[in-house]
Amino acid sequence: MTRTPIFAANWKMNKSISETAEFCQAFSEHIIDPRSADVVIIPPFTNISMTRSLLRPTIGVGAQTVSHYLSGAYTGEVSVEMVASAGCSHVIIGHSERRSLFNETASLLTEKLQRVIAAQLTAIFCVGETLADRESNLTESVLLDQLHSSLKPLATQLVDAPNQLVIAYEPVWAIGTGKVATIDQAQAAHYFIRKTVANILGSEAADTIRIQYGGSVKPDNIAQLMTQPDIDGALVGGASLDPESFYEIIKNGIIT
Ligand code: PEP
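Now for a look at the structure at hand. (Residues numbered from 1 in each chain as written. Predicted model: local features only at pLDDT ≥ 70, side-chain atom pairs only at ≥ 80, totals over all residues. Heavy atoms only, no water.)

### As for the overall build of the protein chain
Line of reasoning, step 1. When helices and strands are counted, the protein chain shows 12 helices and eight strands.
Line of reasoning, step 2. For the protein chain, whose C-alpha radius of gyration is 17 Å, the value lies close to the compact-globule estimate of 18 Å for 256 residues.
Line of reasoning, step 3. The principal-axis extents of the C-alpha atoms in the protein chain amount to approximately 45 × 45 × 35 Å.
Line of reasoning, step 4. Counting every position in the protein chain, which comprises 256 residues, the buried fraction comes to 54%.
Line of reasoning, step 5. In the protein chain, once contacts between residues fewer than 6 apart in sequence are set aside, the share between residues at least 24 apart is 73%.
Line of reasoning, step 6. Looking at the protein chain, you have 18 positive and 26 negative side-chain charges, and the mean spots of the two groups are 1 Å apart. (Helix = DSSP H or I, 4+ residues; strand = E, 2+ residues; numbered from the N terminus. Rg over C-alpha atoms; globule rule 2.2 N^0.38 Å. Buried < 20%, exposed > 50% of the residue type's maximum accessible area, 1.4 Å probe, protein only. Contact = heavy atoms within 4.5 Å. Lys, Arg positive; Asp, Glu negative; His and termini not counted. Charge placed at Lys NZ, Arg CZ, Asp CG, Glu CD.)

This is the structure in structure tokens:
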């Protein structure tokens, strides 16, 4: 099974309107063949609309989270219909910063995932263990738990639409720390995730679903990660803020 790699830029709470315009202008100088890779830029909510209008149409735009509510009196919340109407094709769900800093629980994440799938958008669902989990040999049980609790309730929908799910394996200890999982650690976790997804959704869906690696990805470490059979791209934080560095990651990550 050949899966088109997917590279996504998670800007987190960074970039003003003018910085976003500068990024989009510089990034648009590069032509990326959509047959070689899917590329998604994920800015803060305020910049989604302008990012959509400034990038080439072949580049996707995403949101970093969405509300689990549909609409109504929920001050400060942004709904999935709103991000879709602003031009989003993708939404990150369950980033470790949302789980740990904003107390997003497995059941809340399942509701959010449900909203994204029902709106026909693609979810980038993040899973990953902490350093304490890894040191206690709990990596697999944490991944199992995160995947089971959020994907099982959506199994019927996802079996029919596996392209609406991308999984990002992001070991929490590797995010923004400069510590990258070794190639063997990353491949072993991706293999385990695919096997677990096969148990939940069946092997056809598991073969289709892309699994990205995230955690201190840089232009000089992506090529090696992409040699692994179960690594289908990257979710990039810090190194995606610079258009040239993100482009280098995509270029070096595309195995020809
Ligand atoms: C992330 O936040 O999803 C991430 C992987 O960040 P970084 O690339 O900076 O480690």
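Picking up after the structure, the text goes on.
### Let's talk about the packing of helix 1 (residues 17-27) against helix 12 (residues 243-253)
Line of reasoning, step 1. Two elements in contact, helix 1 and helix 12, have axes separated by 9 Å at closest approach and are oriented at 40°. Accordingly, the angle class assigned to the pair helix 1 and helix 12 is oblique. Judged by the sense of rotation from one axis to the other, the crossing of helix 1 with helix 12 is right-handed. Within the contact between the two elements, helix 1 uses Phe23, Ala26 and Phe27 and helix 12 uses Pro243, Glu244, Phe246, Tyr247 and Ile250.
Line of reasoning, step 2. Taken together, the residues of the contact of helix 1 with helix 12 break down into seven nonpolar, no polar and one charged. (Axes fitted to C-alpha atoms, helices over the stretch in contact; angles between N-to-C directions. Parallel < 35°, antiparallel > 145°, perpendicular 65-115°, else oblique. Left-handed = near helix turned anticlockwise from the far one by under 90°. Nonpolar A, V, L, I, M, F, W, Y, C, P; charged D, E, K, R; others polar.)

### What about the sheet that holds strand 6 (residues 165-169)?
Line of reasoning, step 1. One closed barrel holds the eight strands; their spatial order is 1-2-3-4-5-6-7-8, and the pairing between them is parallel. The average undirected angle you get between the axes of adjacent strands in this sheet is 25°.
Line of reasoning, step 2. Here strand 2 (residues 38-42) pairs with strand 3 (residues 60-63) via two bridges, running parallel. Each residue of the ladder has a partner; that of Ile41, found in strand 3, is Val61.
Line of reasoning, step 3. The strands touched by helix 12 are strand 1 (6-10), strand 2 and strand 8 (233-236); relative to strand 1, the strand with the most contacts, the crossing angle is about 165°. (Pairing = 2+ DSSP bridges.)

### Concerning the pattern of salt bridges
Line of reasoning, step 1. Tallied over the entire structure, the rule returns 10 salt bridges.
Line of reasoning, step 2. Of the charged contacts, one joins Arg35 and Asp33 as a salt bridge, the two residues approaching to 2.9 Å between their closest N and O atoms.
Line of reasoning, step 3. According to the relative accessible area criterion, Arg35 is exposed, its value standing at 71%.
Line of reasoning, step 4. Note on Asp33: relative accessible area 29%, which makes it partly exposed.
Line of reasoning, step 5. Residues Asp230 and Arg194 are paired through a salt bridge, measuring 2.6 Å at the closest nitrogen-oxygen approach. (Salt bridge = Lys/Arg side-chain N within 4 Å of Asp/Glu carboxyl O.)

### Focus on unusual backbone geometry
Line of reasoning, step 1. Although it is not a glycine, Asn137 sits at a positive phi angle of roughly 65°.
Line of reasoning, step 2. Along the chain, Asn137 turns up in the loop between helix 6 (131-135) and helix 7 (139-151).
Line of reasoning, step 3. Residue class for Asn137 comes out exposed when judged on its relative accessible area of 73%.
Line of reasoning, step 4. The residue Ser216 is not glycine, and still its phi comes out positive at about 55°.
Line of reasoning, step 5. Its relative accessible area of 11% is what places Ser216 among the buried residues.

### What about the site of the ligand?
Line of reasoning, step 1. For the ligand, the set of nearby residues contains 14 residues, the closest of which are Lys12, Glu170, Gly176, Ser216 and Gly237.
Line of reasoning, step 2. Between Gly238 and the ligand, the recorded distance is 2.8 Å, taken from a backbone N or O atom to an oxygen atom.
Line of reasoning, step 3. Relative to its unbound accessible area of 290 Å², the ligand is 97% covered by the protein chains.
Line of reasoning, step 4. Split by residue class, the shell around the ligand holds four nonpolar, eight polar and two charged. (Near = heavy atom within 4 Å. Polar contact = N/O pair within 3.5 Å; in protein donor to acceptor, adjacent residues only side chain to side chain. Areas by Shrake-Rupley, 256 points an atom, 1.4 Å probe, with all protein chains shown as cover.)

### Let's talk about the side chain of Gln212
Line of reasoning, step 1. If you trace the backbone, Gln212 turns up in strand 7 (residues 210-214).
Line of reasoning, step 2. Setting aside residues up to four positions removed in sequence, Gln212 forms contacts with Ile6, Phe7, Ala8, Ile124, Val166, Ile167, Ala168, Tyr169, His190, Gly233, Ala234 and Leu235.

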